[in-house]
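# Reading the structure
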Amino acid sequence: MLSRADNEFLTRSGPGTPMGDLMRRFWMPALLSEELPERDGPPKKIKILGEDLLAFRDSTGRVGIVEPHCPHRGANLYYGRNEECGIRCSFHGWKFDVEGNCVDLPTSPLESTYKDTIKLLSYPTREWAEMIWVYMGPREKMPELPQLELGLVPAAHRYVSKKWQDCNWVQSLEGAIDTAHFSFLHNVPSKDEKAKLDVFKKTSAIGAGSDVQDRVRWVMDDPRPRFSILGHDTGLVIGAARKTDSSDRYWRISQFLMPNHALVPVAFPGDVYHGQCWVPVDDVTCWIYTYSWIPDRPLSNAEREKYASGLSLHAEVDAEYMPVRNIRNDYLIDRKLQKTMSFTGITGVSEQDAAIQDSQGPIQDRTREHLGPTDIGIVEFRKLIMGAARALAAREPAATQASRGYAVRAGGWIAAEDKDLKTVMVERFGHQHGHVGGEYGFAD
Amino acid sequence: MLSKADNELLTQSGPGTPMGELMRRFWMPALLSEELPERDGPPKKIRILGEDLLAFRDSNGKVGIVEPHCPHRGANLYYGRNEECGIRCSFHGWKFDVEGNCVDLPTSPPESTYKDTIKLNAYPVREWADMIWVYMGPREKMPELPQLELGLVPASSRYVTKKWQDCNWVQSVEGALDTAHFSFLHAVLAKDQEKARAALAKAAIADQATPDDRIRWIHNDPRPKFTVLGHDAGLLIGAARKTDGSDLYWRISQFLMPNHAYTPTAFPGEIYYGQCWVPVDDRSCWIYTYCWQPDRPFSNAERMKFDSGFNVHAEVDDEYMPLRNLRNDYLIDRTVQKHDTFTGIEGVSEQDAAIQDSMGPIQDRTKEHLGPTDIGVVEFRKLLMSSARALKAGTAPKAASAAAHYAVRAGGAVAAPAKDLEAVMAERFGHVRGYVGQQYGLGD
């Protein structure tokens, strides 16, 4: 439970808020690369952390993310012309490059230097891992891009998409690091074991491999996993241990990476890894970037088609990345299906998550919640992110920007019951925090 | 650039605001006559200067504009019966005439004089130049109707319509007075003659039998030199561009207090165009668009052309909503924008609306950067804001008692470079301020 003030502190990320200032110290996905497919193509209106912005790809392929209103008379550059390395306002022809420099001001006399005094607010951008990233914080504090393994593997090994969500980003992220809900929300209460298994195979919620059926049973049979948390330079390892048929434990271990990534706890060695990144549009909506990668081999076309069609962490979305099943159509809940084959009656793991998270309200009122032992991942996440925002507001020395510390994995493992999370991590990943940067030439 | 306080002074026109008080000293178009086509027909809900009102045409053809709520229990008279020279509330039958007098109060005893104490707020109304005008200021200060030439010519020589706009009225007027934007916003890029003509098909300047030098001069000189002259009813705003020789091409518009603007295109013998902005509230307005030809009636072909959208006239639906508007991104065509026109939006009116709406519901003028081509805008603001301030201090606006001085024209001329705006006006219109009232017996 949080006080009202703390709930506001945690969930508000507009300009000037402590959490907003913290998030602005990190690179954020702003768009998928495919949303600006061509040079000199149409610009795109975007909104991030409550700020309306305009994105465009110039003649050389560079992406600019700028304040949308022309400094002259405030016309929106969205209606402008994206041409010859800049966006030109369609009102009086003032033109700006991707860095916000005024490169032409045709209403001024030719000899005038007025244009050198005009600047359009512009944020640094990078293009990496099929996403366009933006940094909205103070220039002198700009960090390196977080070296997620997703971006270190060849492009053929990864799949990136995004989906809209109709609630505050924090409660959605909390849903992802609370792995206890798998025993309920995603349950398939069917007696037909084969039908049950088919559903799980389609959703990737439990991984692949020969013992998938066992894992499904273990998740369903133990709704009270024991949580352990390990902090590291870039976030938290969140492990949840369930009983198996023997004395071994089935561990599902996720990662939270500051300030807005979470990796899912499913993959056994050889499985595909998945993660998500929450980018607030404003305080009541967000974009979730969903990504999958496999270090060892390219993804097959069949795998790509599966992700594109939804049902997994990747939602089934329309051309604007709006989930086909969303709050406006009650997620197409099927009450008959809910009676028989599905705990929710909603199709798709992503859609089940979205439905339940949106249902907490546009901004969850955490003054009324009742947390228990399976919620300690959430509690530690809040402590970490609120502590970091408070430290930043108090101008305490910022933690080292550990961009290489983002090269970590999360996943599942079966281990003897006396092993603690650290030991399990070393056994599963060769490193207590799951760090795999060594494989990409990063020193440990 | 304006302070936040000045931006609010300029843009807010609700009851009790200084700008609202100023506007209430002038007659405003409230409806087109065609919107109340029949006697005893359905009443019409309207909203002007933030006030909800009800308009109806009585059995004698007179129009009333009244407070919409019945003084009895507040029911909306819109649901009432328009019959036998009055509007009768459908709740309990109270009935009011166009002047707001209670003419029947059937819930009182027949001998009661209660109804003589009941009054519905009603504003004075005139019907003139195919528009229904309303005066919402103090009765004892009511001026004459502004003697626009539009209303002085025979009905067959004029055309009047209206269009909705999704932004504050002031930024839209400013767009009309800033004639520098013609070199950009309305520019045609197509090299192919036929395509270029087609792209200009809805622009007055292209409404000629043969290709016109004026288009080239506008295109080649994006830095017109502005001159502004005041007169009793408003401002004359001249902008001089270079021609092929040493002569200058003048485009001269008129601003008439507090909300009319004339376009700067007409050469002798061509059609004159004007617009009048009537705030619905601070974030939307009706623009009455009109044109007239002093010398001859309009042909049916011309009327059909205006009906389908031409120059200031938008292409509108039955409710006068432009077909290309904010809600459909003005049907912008990015391919057309690449190759044929500066905006990719069809229609001069729609191009103006797109760029004006794009400034935001109320433009934030604390962030603008004005230059030499914006002095018409600056002088307009000075006049309007100083008039509002003067009225607040007790001085009535001069223009309100100068009805005859509204009989002016605006248009284009080619003149020797030595001539100043007054000399150009005398040469073009026979009067230094473009006054033509003598032709209609309004005096010199």
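No experiment lies behind these values; they were computed from the predicted model shown. (Residues numbered from 1 in each chain as written. Chains lettered and ligands numbered in written order. Predicted model: local features only at pLDDT ≥ 70, side-chain atom pairs only at ≥ 80, totals over all residues.)

Let us now look at the overall build of chain A. A count of helices and strands for chain A gives eleven helices and 19 strands. Counting only C-alpha atoms, chain A reaches 85 × 50 × 45 Å along its principal axes. When burial is assessed residue by residue, chain A has 48% of its 444 residues classed as buried. (Helix = DSSP H or I, 4+ residues; strand = E, 2+ residues; numbered from the N terminus. Buried ≥ 20, exposed ≤ 12 C-beta atoms within 10 Å, placed from the backbone.)

What follows covers the overall build of chain B. When helices and strands are tallied, chain B shows eleven helices and 19 strands. Along the first, second and third principal axes, the C-alpha set of chain B runs to 85 × 45 × 45 Å. Counting all 444 residues of chain B, 50% fall into the buried class. Of the contacts formed within chain B by residues at least 6 apart in sequence, a portion of 62% connects residues at least 24 apart. (Contact = placed C-beta atoms within 7 Å.)

We now examine the confidence of the model for chain B. On average, residues of chain B score 95 in pLDDT, and 99% of them are at 70 or above. Here the predicted complex scores 0.90 on pTM and 0.87 on ipTM. (pLDDT = per-residue confidence, 0-100.)

Turning our eyes to something else, we now look at the interface of chain B and chain A. Taken together, the contact between chain B and chain A spans 23 residues of the former and 21 residues of the latter. Secondary structure elements with two or more residues in the side of chain B that touches chain A: α8 (334-339) and α9 (348-357) of chain B. For the side of chain B that touches chain A, the class distribution of residues is nine nonpolar, nine polar and five charged. (Nonpolar A, V, L, I, M, F, W, Y, C, P; charged D, E, K, R; others polar.)

All names here are of chain A. By secondary structure assignment, the location of Asp365 is in the loop between α9 (349-358) and α10 (376-393). Take Asp365: there are 11 C-beta atoms within 10 Å of it, and that puts it in the exposed class. Once the C-alpha coordinates of Asp365 and Met1 are considered, the two residues, 364 residues apart in sequence, prove to be 9.1 Å apart.

Moving on, we come to the environment of Lys392 of chain B. With respect to the helices and strands, the residue Lys392 of chain B is situated in helix α10 (residues 375-392). Given 14 C-beta atoms within a 10 Å radius, Lys392 of chain B is considered partly exposed.

What follows concerns the nonpolar core. All names here are of chain A. Ala30, Ile48, Ala55 and Val134 are the most contacted members of the largest nonpolar core, which totals 114 residues. When residues of this core are assigned to their parent elements, the largest contribution, six residues, is made by strand β18 (residues 285-293). Residues within four places of Ile48 in sequence aside, it is in contact with Met28, Ala30, Leu53, Val134, Met136, Val279 and Val281. (Core = buried A, V, L, I, M, F, W, Y, C linked by C-beta atoms within 7 Å.)

Let's shift gears to α9 of chain B. Since the α-helix turns once every 3.6 residues, residues separated by three or four places project in the same direction. Residue and element names in this part refer to chain B. For α9, the buried fraction is high: ten of the ten residues fall into the buried class. Buried residues of α9: Val348, Ser349, Glu350, Gln351, Asp352, Ala353, Ala354, Ile355, Gln356 and Asp357, and no others. Packed against the buried residues of α9 are β12 (158-165) and α4 (169-177).

Attention now moves to the pairing of strand β11 (residues 131-134) of chain B. Residues and elements named next belong to chain B. Here β11 shows two buried faces, one formed by Met131 and Trp133 and the other by Ile132 and Val134. The pairing of strand β1 (residues 28-32) with β11 spans four bridges and is antiparallel. Residue pairing across strands places Met28 opposite Val134, the latter belonging to β11. Relative to β11, strand β10 (residues 125-128) runs antiparallel, the two sharing four bridges. Paired with Arg126 across the strands is Trp133, a residue of β11. Connecting β10 to the next strand, β11, in antiparallel fashion are two residues, including Ala129 with a positive phi near 55°. (Pairing = 2+ DSSP bridges.)

Turning our eyes to something else, we now look at the environment of His313 of chain B. Residues and elements named next belong to chain B. Topologically, His313 is positioned in the loop between α7 (300-307) and α8. A tally of 27 C-beta atoms within 10 Å means that His313 is categorised as buried. Spatially, the C-alpha atom of His313 lies 9.1 Å from that of Gln275, the residues being 38 residues apart in sequence. Not counting residues within four places of it along the chain, the set of residues in contact with His313 comprises Thr161, Thr289, Phe306 and Ser349.

Residue and element names in this part refer to chain B. Judged by pairing direction, the sheet is antiparallel, and its four strands sit side by side in the order β2-β3-β4-β9 without closing on themselves. A strand with exactly one partner marks an edge of an open sheet, and here the two such strands are β2 (44-48) and β9 (122-123). Examined bridge by bridge, strand β4 (residues 63-66) and β9 share two bridges and lie antiparallel to one another. Its bridge partner lying in β9, Ile65 is registered against Tyr123.

As a further point, take the pairing of strand β12 (residues 158-165) of chain A. Residue and element names in this part refer to chain A. Judged by how many residues are buried, β12 sits mostly within the fold: seven of eight residues are covered. Both β12 and β18 contribute to a ladder of eight bridges, which runs antiparallel. Looking across to β18, one finds that Val160 is bridged to Tyr291.

The next thing to look at is unusual backbone geometry. Apart from glycine, the bulk of residues carry a negative phi angle, and the bulk of peptide bonds sit in the trans form. Met258 of chain A connects to Pro259 of chain A through a cis peptide bond whose omega is -10°. Mapped onto the fold, Pro259 of chain A is located in the loop between β15 (249-257) and β16 (261-263). Despite not being glycine, Glu84 of chain A has its phi angle at roughly 45°, a positive value. Secondary-structure assignment places Glu84 of chain A in the loop between β5 (81-82) and β6 (87-88). Look at Glu84 of chain A and you get partly exposed, because 13 C-beta atoms sit within 10 Å. In this model, Asn311 of chain B sits at a positive phi of 55°, which is unusual for a non-glycine residue.

It is worth spelling out the packing of helix α1 (residues 4-11) of chain A against α10 of chain A at this point. Residue and element names in this part refer to chain A. With their axes 10 Å apart at the nearest point, α1 and α10 run at an angle of 80° to one another. Our classification of the angle between α1 and α10 gives roughly perpendicular. Residues Asp6, Phe9 and Leu10 of α1 touch α10, and the partners they reach there are Arg382, Met386 and Ala389. Residues belonging to the contact of α1 with α10 are distributed by class as follows: four nonpolar, no polar and two charged. (Axes fitted to C-alpha atoms, helices over the stretch in contact; angles between N-to-C directions. Parallel < 35°, antiparallel > 145°, perpendicular 65-115°, else oblique.)

Residue and element names in this part refer to chain A. The strand order across the open sheet formed by four strands is β2-β3-β4-β9, and the pairing between neighbours is antiparallel. On the outer flanks of this sheet lie β2 (44-48) and β9 (122-123), each paired with one strand and no other. Bridge count for β2 against strand β3 (residues 51-57) is five bridges, and the pairing is antiparallel. Residue pairing across strands places Ile46 opposite Leu53, the latter belonging to β3.

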